[in-house]
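Read off the chains here:
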Amino acid sequence: MDGNKIEIEEIASATDDGVDAARLMEAGGVSVINRLTKVCPYGKESDYTYKLGIAENKNINLEQAIKDMTFTVFLAALTGALGLSAKIGGAPLVIVKGEGYADTPLGCIYTFINYFDAETRGLSFKVTNYAHEKYKDRYIKPVNLYGFKSNYTWYTKPNFKGYTEKETLYQTKEFF
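Trainee: Would you take a moment to explain the overall build of the chain for this structure?
Mentor: In terms of regular secondary structure, the chain is built from three helices and nine strands. Going residue by residue from the N terminus, the α and β elements of the chain occur as β-α-β-β-α-β-β-α-β-β-β-β. Taking all 176 residues of the chain together, the buried fraction comes to 44%. At a minimum sequence separation of 6, the contacts of the chain that also span at least 24 residues come to 74%. For the chain, the exposed surface amounts to about 9,400 Å²; the carbon and sulfur share of it is 48%.

This is the structure in structure tokens:
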């Protein structure tokens, strides 16, 4: 753009997938894009049966009550706690926006916690990750990307207490 180099440091807000991927590559010469989405990247959800492993975080400490956080601040806090910093392996993280919060990754959790426990200042989760049954190394050749499914159970309090909500997300890495 006008001969100036533009570096994209992070994407921490919900965004339209296709438009931003092109904009990112054009602006910053990005060759890898990481996505967090609710949309299965290949096949059916039931095809993701090869268990990769489990993880948990018993205390995601929040600086303020959920009710006082914007969705963008909430996303930044959660993506950090999930190990999904805005840059994964030097590449930006794109959170694929849905029609509303419920259709956006981590959006239903934000809405759920605001409704059931808006004063909470801490969360916890357990997650099980699965690869596609035919692509156990996570590289899905027909769509030329790496991807896996994550089944989360979220808790509105630390130490796996409080109200619970389940969410399935997909993480992908695409090379251009």
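Trainee: Even after reading the chapter, I still don't get the pairing of strand β9 (residues 161-175), so can you show me in this structure?
Mentor: Strand residues, when the strand is regular, have side chains that alternate between the two faces of the sheet. Pairing analysis gives six bridges linking strand β2 (residues 32-37) to β9, with the strands arranged antiparallel. When the sheet's bridge partners are listed, Ile 33 is paired in β9 with Glu 174. In this antiparallel pair of consecutive strands, strand β8 (residues 145-157) and β9, the connection spans three residues, and Asn 159 shows a positive phi of 60°.

Trainee: Looking at this structure, how should I read the pattern of salt bridges?
Mentor: Pairing between side chains of opposite charge can happen when their charged atoms approach one another. Across all of its chains, the model carries five salt bridges by this definition. Ionic pairing is found between Arg 35 and Glu 174, a salt bridge with its closest N-O pair at 2.5 Å. Taken together, the residues Arg 35 in strand β2 and Glu 174 in strand β9 connect sequence positions 139 residues apart. The partner of Lys 38 in a salt bridge is Glu 167, with the nearest N and O atoms 3.6 Å apart. Taken together, the positions of Lys 38 in the loop between β2 and β3 (50-61) and Glu 167 in strand β9 put the pair 129 residues apart, joining distant regions of the chain. In the salt-bridge network here, residues are joined through shared partners; they are Lys 67, Asp 68 and Glu 119.

Trainee: Where do I start with a nonpolar patch on the surface in this structure?
Mentor: On the surface, Tyr 115, Phe 116 and Tyr 163 cluster together into a nonpolar patch covering about 380 Å² of accessible area. Look at Tyr 163 and you get partly exposed, because its relative accessible area is 44%.

Trainee: Help me out: how do you make sense of the layout of surface pockets in this one?
Mentor: To find leftover empty space, one rolls a probe the size of a water molecule over the atoms. Roughly 180 Å³ of internal volume is contained in the largest pocket. For the lining of the largest pocket, a count of residues per class yields five nonpolar, five polar and three charged.

Trainee: Where do I start with the environment of Ile 113 in this structure?
Mentor: By the element assignment, Ile 113 lies in helix α3 (residues 107-117). For the pair Ile 113 and Thr 156, spaced 43 residues apart in the sequence, the C-alpha separation amounts to 6.2 Å. With residues up to four places along the chain from it excluded, the contact list for Ile 113 reads Ile 66, Phe 74, Ala 118, Thr 120, Leu 123 and Thr 156.

Trainee: Is there a simple way to think about the packing of aromatic side chains in this case?
Mentor: Any aromatic ring pair is given by two values, namely how distant the centres are and how the planes are angled relative to each other. Evaluation of the coordinates by the stated rule reveals 12 aromatic pairs. Ring centres of Tyr 42 and Tyr 135 lie 5.8 Å apart, and the angle between their planes is 80°; on these two criteria the pair is classed as edge-to-face. Here Tyr 42, found in the loop between β2 and β3, pairs with Tyr 135, found in the loop between β6 (122-131) and β7 (139-140); they are 93 residues apart in sequence, far enough to count as distant. The exposure class of Tyr 42 is partly exposed, given its relative accessible area of 25%. Each ring, one from Tyr 48 and one from Tyr 170, has its centre 5.5 Å from the other, and the planes form 70°; the classification is edge-to-face. In this pair, Tyr 48 sits in the loop between β2 and β3 while Tyr 170 sits in strand β9, placing the two residues 122 residues apart along the sequence. When sorted by exposure, Tyr 48 lands in the same class as Tyr 170, which is buried. Through a chain of ring-to-ring contacts, three or more aromatic side chains come together here, namely Phe 112, Tyr 115, Phe 116 and Tyr 163.

Conventions we followed
- Residues numbered from 1 in each chain as written.
- Predicted model: local features only at pLDDT ≥ 70, side-chain atom pairs only at ≥ 80, totals over all residues.
- Heavy atoms only, no water.
- Helix = DSSP H or I, 4+ residues; strand = E, 2+ residues; numbered from the N terminus.
- Buried < 20%, exposed > 50% of the residue type's maximum accessible area, 1.4 Å probe, protein only.
- Contact = heavy atoms within 4.5 Å.
- Areas by Shrake-Rupley, 256 points an atom, 1.4 Å probe, with all protein chains shown as cover.
- Pairing = 2+ DSSP bridges.
- Salt bridge = Lys/Arg side-chain N within 4 Å of Asp/Glu carboxyl O.
- Patch = residues over 30% accessible without salt bridge, like charges linked within 9 Å, V, L, I, M, F, W, Y side chains within 5 Å.
- 1 Å grid on protein atoms, 1.4 Å probe; cavity = no way out; pocket = protein on both sides within 12 Å on 5 of 7 lines; lining within 4 Å.
- Points joined across faces, edges and corners; volume = space filled by probe spheres on them.
- Nonpolar A, V, L, I, M, F, W, Y, C, P; charged D, E, K, R; others polar.
- Phe/Tyr/Trp six-rings, centres within 6.5 Å; stacked < 30°, edge-to-face > 60°.

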